[in-house]
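Listed here are the chains, written in short residue letters.
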Protein chains: 2
Amino acid sequence: MTSRRGPFVVHGARTVYDNPWITLTDHDVSVASGRRFSYTVVGFRRRAAGVVPLHEDGTVTLVGQHRFPLDAYSWELPEGGVEPDETPLQAMQRELAEEASLAAADWRQILRLHLSNSVTDEEAFVYLALGLTPASGEPDDTEELAVRRLPFAEALAMAADGRITDSISVAALLRVHHMAVNRELPGGLNDLLAAPR
Amino acid sequence: MTSRRGPFVVHGARTVYDNPWITLTDHDVSVASGRRFSYTVVGFRRRAAGVVPLHEDGTVTLVGQHRFPLDAYSWELPEGGVEPDETPLQAMQRELAEEASLAAADWRQILRLHLSNSVTDEEAFVYLALGLTPASGEPDDTEELAVRRLPFAEALAMAADGRITDSISVAALLRVHHMAVNRELPGGLNDLLAAPR
């Protein structure tokens, strides 16, 4: 029994690893050139979500943590995994409270990303959150988070010059700048954020 | 024998899967809260690279392909993996010729990204290529690529509205727009690319 994925003919597949977060599947694949090879896909059980929490004064809230896979400290947007019983928006509302102790009146989806599409199927939903107010929330007890509120222009500069490297955060901060240049933000935020440095 | 990664104490690690592209390692980890758990990391054997090939007339060259892990067609920048004997720049110069039949006189690194840092250690280097000229090159025989040259503004709109979802491509196109707004591109390209739509 073969199946097709676009130009790929799949002759068989077997799961070679499995845990609550990822599944590895080896596919026996051939293509029109005649080449036959193994294509291993890392399947993600949870989608990812991230948010730009943008305050009325043109500041944003970032979170800092040591990222275990990189063994490096990383400043990022609030981000998290979408649980099976949540929508991406609900997950992000929960994570924004847990990680940054914030709630937001106005949520806009600003990007949809596939993070590493040659090996994984991981999908990320990215939001802009406006109308921020304090909320109570506790991070997961496996996380040790720092929280920092800084001018948007500073966060944007960090994304551009490599001080922020997390792909969701870099894309999202640049996207909000793009929205400001195109005057897609409410009121005075466009002028606050679009000014060249 | 324990070791540390920031706040994580690592009590042991074992490789649970291995192929020429990725290695899976299960780590036995504890944190200050007392929680002890397994942290599985997908280690990438090759770094990734991508390039924005920007022509003098304000057009860019994109490549299209069916991405097997997503089972979906994807328009993207020319991208590829960095072989062990290459620098990221050399890899990208090779991929630009292979995938888009282009060479470039002027290369600038514009982003460094970690694509999915809660599970993987994958790192990507992103370039802007200017001074483009035709070059000969053949794609890998496992790839079936389409090539399309279009106005930068159109590619940027595709990244913003979700027609392009590849994280490297979305971040890089937004970064080049950001550079144009800040007048960091050569000559007339700033005005060509920074115009609001």
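The rules behind these values
- Residues numbered from 1 in each chain as written.
- Chains lettered and ligands numbered in written order.
- Predicted model: local features only at pLDDT ≥ 70, side-chain atom pairs only at ≥ 80, totals over all residues.
- Least-squares fit on C-alpha atoms with pLDDT ≥ 70 in both.
- Contact = placed C-beta atoms within 7 Å.
- Domains from an automatic or database assignment.
- Nonpolar A, V, L, I, M, F, W, Y, C, P; charged D, E, K, R; others polar.
- Pairing = 2+ DSSP bridges.
- Helix = DSSP H or I, 4+ residues; strand = E, 2+ residues; numbered from the N terminus.
- Axes fitted to C-alpha atoms, helices over the stretch in contact; angles between N-to-C directions.
- Parallel < 35°, antiparallel > 145°, perpendicular 65-115°, else oblique.
- Left-handed = near helix turned anticlockwise from the far one by under 90°.

Rotating chain B by 180° and translating it 0.0 Å along the rotation axis places it on chain A, where the RMSD comes to 0.0 Å. Both copies are brought into coincidence by an operation consistent with a two-fold rotation axis. Across chain B, the rotation axis passes nearest the C-alpha of Ala171(B), at a separation of 2.2 Å. A high fraction, 100%, of the interface residues of chain B reappear at the interface in chain A, so the copies pair face to face through one surface.

So, on to the domain arrangement of chain A. All names here are of chain A. Domain assignment breaks chain A into domain 1 (3–44) and domain 2 (48–194). Just the C-alpha atoms count here: the centres of domain 1 and domain 2 sit 32 Å apart. Listed per partner, the contact involves four residues of domain 1 and four residues of domain 2. For the side of domain 1 that touches domain 2, a count of residues per class yields three nonpolar, one polar and no charged.

A few words now on the sheet that holds strand β11 (residues 146–151) of chain B. All names here are of chain B. In space, the three strands of this open sheet follow the order β7-β6-β11, with antiparallel pairing throughout. Each edge of the open sheet carries a strand with a single partner, namely β7 (72–76) and β11. Between one strand axis and the next, the sheet turns by 30° as a mean value, whatever way the strands run. Two strands pair when backbone bridges link them, and strand β6 (residues 59–67) and β11 are joined in this way by six bridges, in the antiparallel orientation. What sits directly across from Leu62, in β11, is Arg148.

We now examine the interface of chain B and chain A. Each side of the interface is counted separately: chain B has 57 residues, and chain A has 57 residues. Residue assignment for the side of chain B that touches chain A shows that the elements contributing at least two residues are β2 (8–18), β3 (22–30), β4 (36–44), β6, β7, β9 (102–114) and α3 (167–181) of chain B. For the side of chain B that touches chain A, the per-class residue count stands at 27 nonpolar, 18 polar and twelve charged.

Glancing now at the sheet that holds strand β7 (residues 72–76) of chain A. Residue and element names in this part refer to chain A. What the three strands build is an open sheet, ordered β7-β6-β11; its pairing is antiparallel. Here the strands that pair on one side only, and so sit at the sheet edges, are β7 and β11 (146–151). Ignoring strand direction, the axes of neighbouring strands in this sheet form an average angle of 30°. As defined by bridge partners, strand β6 (residues 59–67) adjoins β7 across five bridges and the pair is classed as antiparallel. Within the sheet, the bridge partner assigned to Gln65 lies in β7 and is Ser74.

Helix-helix packing is characterised by the crossing angle of the two axes and by the distance between the axes. Residue and element names in this part refer to chain A. As a packed pair, helix α2 (residues 152–161) and helix α3 (residues 167–181) sit with axes 9 Å apart at the nearest point and diverge in direction by 130°. The orientation of α2 with respect to α3, classified from their angle, is oblique. In the packing of α2 onto α3, the handedness of the crossing is left-handed. Contacts between α2 and α3 involve Ala155, Leu156 and Ala159 from the first element and Ser169, Val170, Leu173, Leu174 and His177 from the second. A breakdown of the residues in the contact of α2 with α3 according to their chemical character gives six nonpolar, two polar and no charged.

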